[in-house]
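Take a look at the letters that make up each chain.
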Amino acid sequence: MLRQDLDSLTPSRDFSRRDFVKTSVGSGFAAAVLPVGAQTVKTSADGLTVGEVTVMVGDFKMPVYRAQPAGKTNLPVVLVMSEIFGVHEHIADVARRFAKAGYLALAPEMFVRQGDAQSYGEIAKLLAEVINKVPDAQVMGDLDATVAWARANGGDTSKLAITGFCWGGRITWLYNAHNPAVKAGVAWYGRLVGTASALQPKHPVDLAGALNGPVLGLYGGADTGIPLDTVDKMKAALAAGNAAAKKSEFVVYPDAPHAFHADYRPTYRKEAADDGWKRCLAWFKAHGVA
């Protein structure tokens, strides 16, 4: 399913151990991606309120990385969905980038019930023992609770968006179809098709006609894990869907591999990543989330 993750973890720079020690959600880097690349982006927290908050999901305490402009309220809300490595420093950095653009950005740690995704050094073991045990229904409920927290803590959830990367890209499509409050989504190289199972009863292609807000799909033409024929299947499903589906679009970067936005990995392609980021912000603004 995620063979591309195995293929793209070539070491490129050695950092000191303290750069990777996880002390809270949004800190350090996942063991499976070490060492991180020299081009890793670091966004300042100046002018922001950042750090871990706790969202109650029933009686479960879910850690969430929060970033927002300091002292501001009634902010548009963006949910930031991680890759399989959980909410490590890169995902926190993406949240800070959204905060710099005026958003309340929330990145929930979706795998915490199943295990610590950042502690695994082997991707195959991480998938088997943690990621593949996470039910879609659990994720939807966790995100509903995150949105409720945002509503009670300075967020304007009438302006709600979601974006995500790889695993989180798939969830972007699913949550868009799940929550009528979602105004727009941006899915970065998320899987579109798959076999139905008890934990994953439906995939994006099955829910294309039920989207609540238009989705912009940002995909790589050289992504060996997400063949372009699956993008074509999704395009066909969207064309036959509702109004939000018909407004959805894809941008495929011909030479970009999987994880082209991940500036801490060798797969990073700056030109595609920068263009995708500009398109992401413009997409949210165009659909009333700004």
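Residues numbered from 1 in each chain as written. Predicted model: local features only at pLDDT ≥ 70, side-chain atom pairs only at ≥ 80, totals over all residues. Heavy atoms only, no water.

## Here we look at the state of the cysteines
Part 1: What the rule picks out here adds up to zero disulfides.
Part 2: Unpaired in this structure, cysteine 166 has its nearest cysteine sulfur neighbour in cysteine 280, at a distance of 17 Å.
Part 3: Classification of cysteine 166 by relative accessible area gives buried; the value is 5%. (Disulfide = S-S within 2.5 Å. Buried < 20%, exposed > 50% of the residue type's maximum accessible area, 1.4 Å probe, protein only.)

## Some details on the packing of helix H2 (residues 89-100) against helix H9 (residues 270-286)
Part 1: Interhelical geometry of H2 versus H9 gives an angle of 50 degrees and a closest axis separation of 12 Å. Our classification of the angle between H2 and H9 gives oblique. In the packing of H2 onto H9, the handedness of the crossing is right-handed. For the pair formed by H2 and H9, the contact residues are Val94, Arg97 and Phe98 on the first element and Trp277, Cys280, Leu281 and Phe284 on the second.
Part 2: Looking at side-chain class alone, the contact of H2 with H9 contains six nonpolar, no polar and one charged residues. (Axes fitted to C-alpha atoms, helices over the stretch in contact; angles between N-to-C directions. Helix = DSSP H or I, 4+ residues; strand = E, 2+ residues; numbered from the N terminus. Parallel < 35°, antiparallel > 145°, perpendicular 65-115°, else oblique. Left-handed = near helix turned anticlockwise from the far one by under 90°. Contact = heavy atoms within 4.5 Å. Nonpolar A, V, L, I, M, F, W, Y, C, P; charged D, E, K, R; others polar.)

## Topic: the environment of valine 53
Part 1: Note on placement: valine 53 falls in strand S1 (residues 48-57).
Part 2: Once the C-alpha coordinates of valine 53 and proline 108 are considered, the two residues, 55 residues apart in sequence, prove to be 9.3 Å apart.
Part 3: In contact with valine 53, not counting residues within four places along its chain, are Met62, Pro63, Val64, Arg66 and Trp149.

## A look at the sheet that holds strand S2 (residues 60-69)
Part 1: Ordered by their spatial adjacency, eight strands build an open sheet running S1-S2-S4-S3-S5-S6-S7-S8, and the pairing between neighbours is mixed. Two strands lie at the open edges of the sheet, namely S1 and strand S8 (249-253), each paired on one side alone. Each neighbouring strand pair of the sheet contributes to a mean axis angle of 20 degrees, computed without reference to strand direction.
Part 2: Pairing analysis gives four bridges linking strand S6 (residues 182-188) to strand S7 (residues 215-220), with the strands arranged parallel. Its bridge partner lying in S7, tryptophan 188 is registered against leucine 218.
Part 3: The strands that helix H4 (residues 136-152) touches are S1, S2, strand S3 (75-81), strand S4 (104-108) and strand S5 (155-165); relative to S1, the one it contacts most, it runs at about 125 degrees.
Part 4: Along the sheet, helix H7 (residues 228-239) contacts S7 and S8; its crossing angle with S8, the most-contacted strand, is approximately 165 degrees. (Pairing = 2+ DSSP bridges.)

## Here's the deal with the nonpolar core
Part 1: Judged by nonpolar contacts, the single largest core of 97 residues is most densely connected at Phe98, Trp167, Trp173 and Phe284.
Part 2: It is H4 that contributes the most residues to this core, seven residues altogether.
Part 3: Excluding residues within four positions of it along the chain, phenylalanine 98 makes contact with Val78, Val80, Tyr103, Ala105, Thr163, Trp277, Cys280, Leu281 and Phe284. (Core = buried A, V, L, I, M, F, W, Y, C linked by side-chain atoms within 4.5 Å.)

## Details of the side chain of histidine 203
Part 1: Note on placement: histidine 203 falls in the loop between S6 and helix H6 (204-207).
Part 2: Ignoring anything within four residues of it in the chain, the contact list for histidine 203 reads Arg170, Leu174, Arg191, Leu192, Val193, Gly194, Thr195 and Ala196.

## What about the packing of aromatic side chains?
Part 1: This model, assessed by the stated rule, comprises 13 aromatic pairs.
Part 2: Consider the rings of phenylalanine 98 and tyrosine 103, whose centres lie 5.8 Å apart with planes at 80 degrees: the pair is edge-to-face.
Part 3: With a relative accessible area of 0%, phenylalanine 98 lands in the buried category.
Part 4: With 5.3 Å between their ring centres and 55 degrees between their planes, tyrosine 219 and phenylalanine 250 make a pair best called tilted. Of this pair, tyrosine 219 sits in strand S7 while phenylalanine 250 sits in strand S8; the two residues are 31 residues apart in sequence, bridging distant segments of the chain. Each member of the pair tyrosine 219 and phenylalanine 250 is classed as buried. (Phe/Tyr/Trp six-rings, centres within 6.5 Å; stacked < 30°, edge-to-face > 60°.)

By themselves, these are just geometric observations and shouldn't be taken as functional.
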